[in-house]
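# Notes for the structure review
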Amino acid sequence: MSGSGSNLQSIIDNTNSGYIDAGVAVVISNVADAYGLERARLHDIPAKVVDFLSFPTREDYDSHIVGILNSHEVDLVILAGYMKVVTKVFIDAFRNRIINIHPALLPSFPGLHVQQKAIDNGAKFSGCTVHFVDEGVDTGPIIAQAVVPVLDDDTHDTLAARILIQEHKIFPMAVRLYAQGRLKIQGRRVVITPPVSVADEVLINPPLNT
Ligand code: GRF
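Cut-offs applied
- Residues numbered from 1 in each chain as written.
- Predicted model: local features only at pLDDT ≥ 70, side-chain atom pairs only at ≥ 80, totals over all residues.
- Heavy atoms only, no water.
- Helix = DSSP H or I, 4+ residues; strand = E, 2+ residues; numbered from the N terminus.
- Rg over C-alpha atoms; globule rule 2.2 N^0.38 Å.
- Buried < 20%, exposed > 50% of the residue type's maximum accessible area, 1.4 Å probe, protein only.
- Contact = heavy atoms within 4.5 Å.
- Areas by Shrake-Rupley, 256 points an atom, 1.4 Å probe, with all protein chains shown as cover.
- Lys, Arg positive; Asp, Glu negative; His and termini not counted.
- Charge placed at Lys NZ, Arg CZ, Asp CG, Glu CD.
- Domains from an automatic or database assignment.
- Buried area = accessible area lost by both parts, 1.4 Å probe.
- Salt bridge = Lys/Arg side-chain N within 4 Å of Asp/Glu carboxyl O.
- Polar contact = N/O pair within 3.5 Å; in protein donor to acceptor, adjacent residues only side chain to side chain.
- Near = heavy atom within 4 Å.
- Pairing = 2+ DSSP bridges.

## Observations regarding the overall build of the chain
- The helix and strand inventory of the chain stands at 6 helices and 8 strands.
- Reading the chain from its N terminus to its C terminus gives the helix and strand order α-β-α-β-α-β-α-β-α-β-β-α-β-β.
- For the chain, the C-alpha radius of gyration of 17 Å lies close to 17 Å, the compact-globule estimate for 210 residues.
- With respect to the principal axes defined by its C-alpha atoms, the chain has extents near 60 × 40 × 35 Å.
- Relative to its full complement of 210 residues, the chain shows a buried share of 41%.
- For the chain, contacts bridging at least 24 residues in sequence account for 59% of all contacts bridging at least 6.
- For the chain, the exposed surface amounts to about 11300 Å²; the carbon and sulfur share of it is 54%.
- Charged side chains of the chain number 17 positive and 23 negative; the gap between the two group centres comes to 5 Å.

See the structure below:
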């Protein structure tokens, strides 16, 4: 976690309410003044800063983080606005037990500055994706997505804010499904058990009667 921590807050709130039947064991940030650390402390959750620059390699940095996570008996690692690519050391230690939120509809627009990329590329819809983390950048099996329209007068900030509202819904939902043991990875696909019925609804932008 390295940003303002609003996704972290949504996870904490949903564990406190009982929607997620699990607790946040520890919060780790690579940024010493990340507001998420304060959010953790306010909820009596251990908060740690790990300075990337204190380690000779990215693998050493990740090994240290894995050690902290194991010492807190962490089952699922939640990357909530964590802006670093995790190495194989991390992935191997928590294979299929790391999830990330990404503010675009993967596999479109992986990487950084993706809200602006959606606007610049003229996309009519964007959204957010929760996915398991694998060795690639934003490439792992997709758990859940939410779609929002891209409006003609959108700026990065207005689109990012519209997407963030949905992040705060689908990220806790994905964590809840994981905690319930309902997520099964089958190749590139994530299957939910027992199956859920999804409304066969279509979104069209601009509307057909335009
Ligand atoms: C979110 O849009 C997340 O998807 C992206 O960075 C933003 C972090 O927001 N990676 P926050 O720190 O959770 O408020």
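Structure's up, so let's keep going.
## Things to note about the domain arrangement of the chain
- According to the domain assignment, the chain consists of domain 1 (1–95) and domain 2 (99–210).
- Look at where the C-alpha atoms of domain 1 and domain 2 centre, and you get two points 21 Å apart.
- Here domain 1 and domain 2 share an interface that buries about 1700 Å² over both sides, 64% of which is from carbon and sulfur atoms.
- Considering only the side of domain 1, the residues that lose the most area to domain 2 are N7, Y19 and L76, jointly responsible for 32% of the buried surface there.
- Viewed at the interface, domain 2 and domain 1 are joined by 1 salt bridge.
- Counting across the domain 1 and domain 2 interface gives 7 residue pairs in polar contact (both at pLDDT 80 or more).
- Elements with a minimum of two residues in the side of domain 1 that touches domain 2: α1 (6–16), β3 (77–79) and α4 (88–93).

## What about the pattern of salt bridges?
- Throughout the structure, instances matching the rule amount to 6 salt bridges.
- Close ionic contact of D92 with R95 constitutes a salt bridge, the shortest N to O distance being 2.6 Å.
- Taking the relative accessible area as the measure of exposure, R95 reaches 37% and is therefore partly exposed.
- Residue R95 is joined to E135 by a salt bridge in which the shortest nitrogen-to-oxygen separation is 2.9 Å. Of the two residues, R95 sits in the loop between α4 and β4 (98–102) while E135 sits in the loop between β5 (125–132) and β6 (142–149), which places them 40 residues apart along the sequence.
- Since its relative accessible area comes to 41%, E135 is described here as partly exposed.
- Overlapping salt bridges bring together K88, D92, R95 and E135 as one network.

## A few points about the site of the ligand
- In the vicinity of the ligand lie 11 residues, with S4, G5, S6, N7 and E167 positioned nearest.
- One of the side-chain nitrogen or oxygen atoms of S4 is found 2.8 Å away from an oxygen atom of the ligand.
- Between an oxygen atom of the ligand and a main-chain N or O atom of G5, the distance comes to 2.8 Å.
- Considered on its own, the ligand offers 370 Å² of accessible surface; in the complex 84% of this is hidden by protein.
- Counting only elements with at least two residues in the shell around the ligand, the list comes to α1 and α6 (156–179).

## Description of the side chain of S6
- For S6, the position within the fold is in helix α1.
- A distance of 2.8 Å separates a polar atom in the side chain of S6 from a polar atom in the side chain of H168.
- Aside from chain neighbours lying at most four places away, what touches S6 is R39, L164 and H168.

## Topic: α1
- Taking burial as the measure, the 11 residues of α1 include 9 buried ones, the bulk of the element.
- When α1 is considered as a whole, its buried residues turn out to be S6, N7, L8, Q9, S10, I11, I12, N14 and T15.
- Turning to α1, the residues buried within the fold contact β1 (27–29), α2 (35–42), β3, β4 and α6.

## Things to note about the pairing of strand β7 (residues 183–186)
- Note that β7 and strand β8 (residues 189–192) share 4 bridges and pair antiparallel. Paired with L183 across the strands is I192, a residue of β8.
- What sits between β7 and β8 in their antiparallel hairpin is a turn of 2 residues, with G187 showing a positive phi close to 65°.

## Here's the deal with the environment of S63
- Mapped onto the elements, S63 comes out in helix α3 (residues 58–71).
- On the basis of relative accessible area, S63 is assigned to the partly exposed category, the value being 37%.

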